[in-house]
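Residues per chain, in single letters:
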Amino acid sequence: MGSLWRAGKKLSLVASAAAGGTAAALIATSDDPATALRLCATVPHRLLRDAVTAANIAFDYEYSLRGLREGSIEREMVKHEVHLRSAEKLRDLCFKNGGIYIKLGQHLGQLEYLVPQEYVITLRESMLNRCPVSSYEQICEVFKRELGDTPENIFAEFDPIPIASASLAQVHVAHTHDGQKVAVKVQHAHMTETAAADHATVELVVNTLHRFFPSFDYRWLIDEINDSLPKELDFLVEAKNSEKCVENFRKLSPHVANYVYAPKVYWNLSTSKLLTMEFMDGAHINDIKTIRKLGIHPHELSKLVSQTFAEMMFKHGFVHCDPHSANLLVRPMPSGKRNILGWRKPQLILLDHGLYKELDFDTRTNYASLWKALVFSDVSAIKEYSAKLGAGEDLYVLFAGVLTMRPWKRVVDQSLDHLVFNGTESEISELQMYASEYFHQISELLRRLPRVILLMLKTNDCLRAVNNSLLQGSSLDTFFIIGKISSEAVIDVKMSQSKSLLSWLNVRLEKILLEVRLWGIQIVLWIYQIRKALSWSDQGLV
């Protein structure tokens, strides 16, 4: 306990000493020194708040668990309470500091393979729904700086009350002078300056904690934020990403293109800190009740989500890496047609295109090959492509577990549903046990993996949460779709690289055998779904 408490005190002293340097750097690099000077008054407070919270959490763990036997029921009960208290302290810190801290909290809330479930639940539930809101005066300040006038003069109508707020921006409803209803995304005032200062303070805290506690190594997370945050703060990059995403579906996945939509951008009313888009009516992806009222079956929507992101990952190599429930809407296809059972086809609407990652040719091919191997339980291929993606030959078992959230014995099981996760208490408990037992190895794995693969893990975690909300777990169809599209991507690469007639014929034969295998799986799935449909009510989830 004494070592933790002394470390906390040292961290507080380091934070106080570093605050002046951070503040000076902020003023020196800012385009608006007067504003930066005002912001500097908050930097020491944030650093001190960070340090006190970190020391408080460390002290709570050390003091509360002291003397309790490892593995005892009493220790587990006390540890659960400490996890809850600590998660709440971390959540409160993120909300008090805002900005980049909320992004950090959102990211930590997705790391269910690394952090305790108490943190996952606390951070995931709060970070998406309770983000700070800028005042209308601050919004006007951004408008004047970016477009030279106030919102009520630029638009025919502008609602001063936002309909949504996120860590970096908030969204207002407006009408253009030609009567078009639009959504206006406005960056929180002075976010660029505060983000620079916040990044410096968070980096200091994480590096200091790692120095005193080597097992606490989240420096890879800071590196990722450092790389992605400047792009997320430039809304023109986001606008270009949305158009590129739609174009990729039109060119590379035309069979899916009509089912995936991104709002139209109004370029003449957009800048790096203001983004004006077509207003979209639809249900959030986790609003099951409204989705059903729209005549859309959650199971069909789950399949569309899986197909959309599998196409991005394995064929486009240009991936939306923030697909949490607030960024995905659904509406019926514009045709409005219903199938024989009365259900409408869903159209997926992708929002918030600020965080994308490009996979180069080798990474995309290796990632597709790995997922193909995971779905078809090919142990040698899992080992080969895990190593090629950076996990090394010693951590491929762990990498497979992190990707699928299944223990190795299930990953290599030959049964059709070997990767299905039902979200039962026993399965969640098993995952938490593995996360605790292999914490150091998982941290090492995350340190090794390229940042692009770390973002694929984050994307998988978001999609898993979406599927859990739609289906109360994963489904056979999810992995059938992943296996099918990843296999198609691998075959396409092999076809393009065939140099001789013999190699081309070999690939064609491989493709035919793959299609036969996939058809066999599809038939089994149909039988499985018919049996469930007969045993459940029409309103039950397939």
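Remember, it's a predicted structure, so these values are computed and weren't measured experimentally.

J.: Give me the lowdown on the overall build of the protein chain, citing residues and values where you can.
T.: Secondary structure assignment for the protein chain yields 23 helices and 11 strands. Evaluated residue by residue, the protein chain yields a buried proportion of 54% over its 542 residues. For the protein chain, long-range pairs separated by at least 24 residues make up 70% of all intrachain contacts whose partners lie at least 6 apart in sequence. Carbon and sulfur atoms form 56% of the exposed surface of the protein chain, whose accessible area is close to 25,000 Å².

J.: I'd like a description of the pattern of salt bridges, backed by residues and values.
T.: Within the structure shown, the criterion is met by 24 salt bridges. For Arg85, the salt bridge goes to Asp60, with nearest N and O atoms at 2.9 Å. Residue Arg85 is found in helix H4 (residues 73–97), and its partner Asp60 is found in helix H3 (residues 42–64); the two are separated by 25 residues along the sequence. Measuring nitrogen to oxygen at the nearest pair gives 3.3 Å for the salt bridge that ties Lys89 to Asp60. Of the two residues, Lys89 sits in helix H4 while Asp60 sits in helix H3, which places them 29 residues apart along the sequence. Among the residues examined, Lys89 registers a relative accessible area of 22% and is labelled partly exposed. Connected through shared salt-bridge partners, Lys103, Glu232, Asp322 and Lys458 make up one network.

J.: Run through the pairing of strand E6 (residues 274–278), naming residues and quoting values.
T.: E6 sits mainly inside the fold: 4 of its 5 residues count as buried. Bridge analysis of strand E4 (residues 181–187) against E6 gives 5 bridges, and the strand direction is antiparallel. Counterpart to Lys185 in the pairing with E6 is Leu275.

J.: Break down the sheet that holds strand E9 (residues 328–332) for me, with residues and values.
T.: Here we have 4 strands laid out as an open sheet, ordered E5-E10-E9-E7, and mixed in their pairing. With partners counted over all chains shown, the strands left at the sheet margins are strand E5 (260–261) and strand E7 (283–284), one partner each. Strand direction decides the pairing type here: E9 and strand E10 (residues 346–350), joined by 5 bridges, are antiparallel. The residue of E10 that forms the bridge with Leu328 is Leu350.

J.: Now, about the pairing of E9: what can you tell me, with residues and values included?
T.: The buried fraction of E9 is high, at 4 of 5 residues. Where E7 meets E9, 2 bridges bridge the pair, whose relative direction is antiparallel. Counted as the bridge partner of His284 is Leu329 from E9.

J.: Describe in detail the environment of Gly179, supporting the description with residues and values.
T.: Relative to the assigned elements, Gly179 resides in the loop between strand E3 (169–175) and E4. It is 9.2 Å that separates the C-alpha atoms of Gly179 and Glu157, two residues lying 22 residues apart in sequence.

J.: Just give me the short version of the side chain of Thr122, but keep the residues and values in it.
T.: With respect to the helices, strands and loops of the structure, Thr122 is situated in helix H6 (residues 117–127). Within the structure, Thr122 has its side chain in polar contact with the backbone oxygen of Glu118 (distance 2.8 Å). Ignoring any residue separated from it by four or fewer positions in sequence, one finds Thr122 in contact with Leu84, Ala87, Glu88 and Arg91.

J.: For the packing of aromatic side chains, give the residues involved together with the corresponding values.
T.: Going through the model one piece at a time under the given rule, you end up with 8 aromatic pairs. When the ring of Phe143 is compared with that of Phe155, the centres are 6.3 Å apart and the planes differ by 80°; the resulting orientation is edge-to-face. Within this pair, whereas Phe143 is found in helix H7 (residues 136–147), its partner Phe155 is found in the loop between helix H8 (151–154) and strand E1 (157–158), the two being separated by 12 residues in sequence. With respect to class, Phe143 is no different from Phe155; both count as buried. By the ring-pair criterion, three or more aromatic residues cluster together here, those being Tyr136, Phe143, Phe155 and Phe158. Above the face of the Phe318 ring, Lys244 is positioned so that its terminal group lies 4.3 Å from the ring centre. For Lys264, the ring lying beneath its charged end belongs to Tyr266, and the centroid distance is 4.9 Å.

J.: Provide a residue-level description of unusual backbone geometry, including the pertinent values.
T.: If a residue is not glycine, its phi is most likely negative; likewise, a peptide bond is most likely trans. One non-glycine residue, Asp352, lies in positive phi territory at about 55°. Along the chain, Asp352 turns up in the loop between E10 and strand E11 (356–358). The partly exposed category is assigned to Asp352, whose relative accessible area is 21%. Its identity is not glycine, yet Ser377 carries a phi of approximately 55°, on the positive side. Here Ser377 lies in the loop between helix H15 (361–375) and helix H16 (379–388). Residue Ser377 is classed as buried on the basis of its relative accessible area, which comes to 8%.

J.: Outline helix H5 (residues 100–108), listing residues and values.
T.: Spacing of three or four residues puts side chains on the same side of an α-helix, whose turn is 3.6 residues. For H5, the tally of buried residues reaches 9 of 9 residues, placing the bulk of the element in the interior. Those residues of H5 that fall on the buried side of the exposure criterion are Ile100, Tyr101, Ile102, Lys103, Leu104, Gly105, Gln106, His107 and Leu108.

J.: Report on the state of the cysteines, specifying residues and quantitative values.
T.: Within the structure shown, the criterion is met by 0 disulfides. Its sulfur unpaired, Cys462 is 9.0 Å from the next cysteine sulfur, which belongs to Cys321.

J.: Mind laying out the nonpolar core, listing which residues take part and the relevant values?
T.: Generally speaking, nonpolar side chains in soluble globular proteins are found buried as a group. Grouped together as the largest cluster of nonpolar side chains are 117 residues, with contacts concentrated most on Tyr113, Tyr218, Phe314, Tyr367, Trp371, Phe399 and Leu457. Per-element tally for this core: the top contributor is helix H21 (residues 451–471), with 10 residues. Discounting residues that sit within four places of it in the chain, Leu457 has contacts with Tyr113, Phe399, Val402, Leu403, Leu446 and Leu449.

J.: Mind laying out H16, listing which residues take part and the relevant values?
T.: Taken as a whole, H16 has its buried residues at Ala381, Ile382, Tyr385 and Ser386. In an axial view of H16, the angular spread of the buried residues amounts to 125°, which keeps them on one side of the axis. Those residues of H16 that are buried lie in contact with H15, helix H17 (396–404) and helix H18 (408–411). Positioned one or two residues after H16, Gly390 has a phi angle of 110°, which is positive.

Rules used in this analysis
Residues numbered from 1 in each chain as written. Predicted model: local features only at pLDDT ≥ 70, side-chain atom pairs only at ≥ 80, totals over all residues. Heavy atoms only, no water. Helix = DSSP H or I, 4+ residues; strand = E, 2+ residues; numbered from the N terminus. Buried < 20%, exposed > 50% of the residue type's maximum accessible area, 1.4 Å probe, protein only. Contact = heavy atoms within 4.5 Å. Areas by Shrake-Rupley, 256 points an atom, 1.4 Å probe, with all protein chains shown as cover. Salt bridge = Lys/Arg side-chain N within 4 Å of Asp/Glu carboxyl O. Pairing = 2+ DSSP bridges. Polar contact = N/O pair within 3.5 Å; in protein donor to acceptor, adjacent residues only side chain to side chain. Phe/Tyr/Trp six-rings, centres within 6.5 Å; stacked < 30°, edge-to-face > 60°. Lys NZ or Arg CZ within 6 Å of the ring centre and 35° of its normal. Disulfide = S-S within 2.5 Å. Core = buried A, V, L, I, M, F, W, Y, C linked by side-chain atoms within 4.5 Å. Arc of directions from axis to C-beta.

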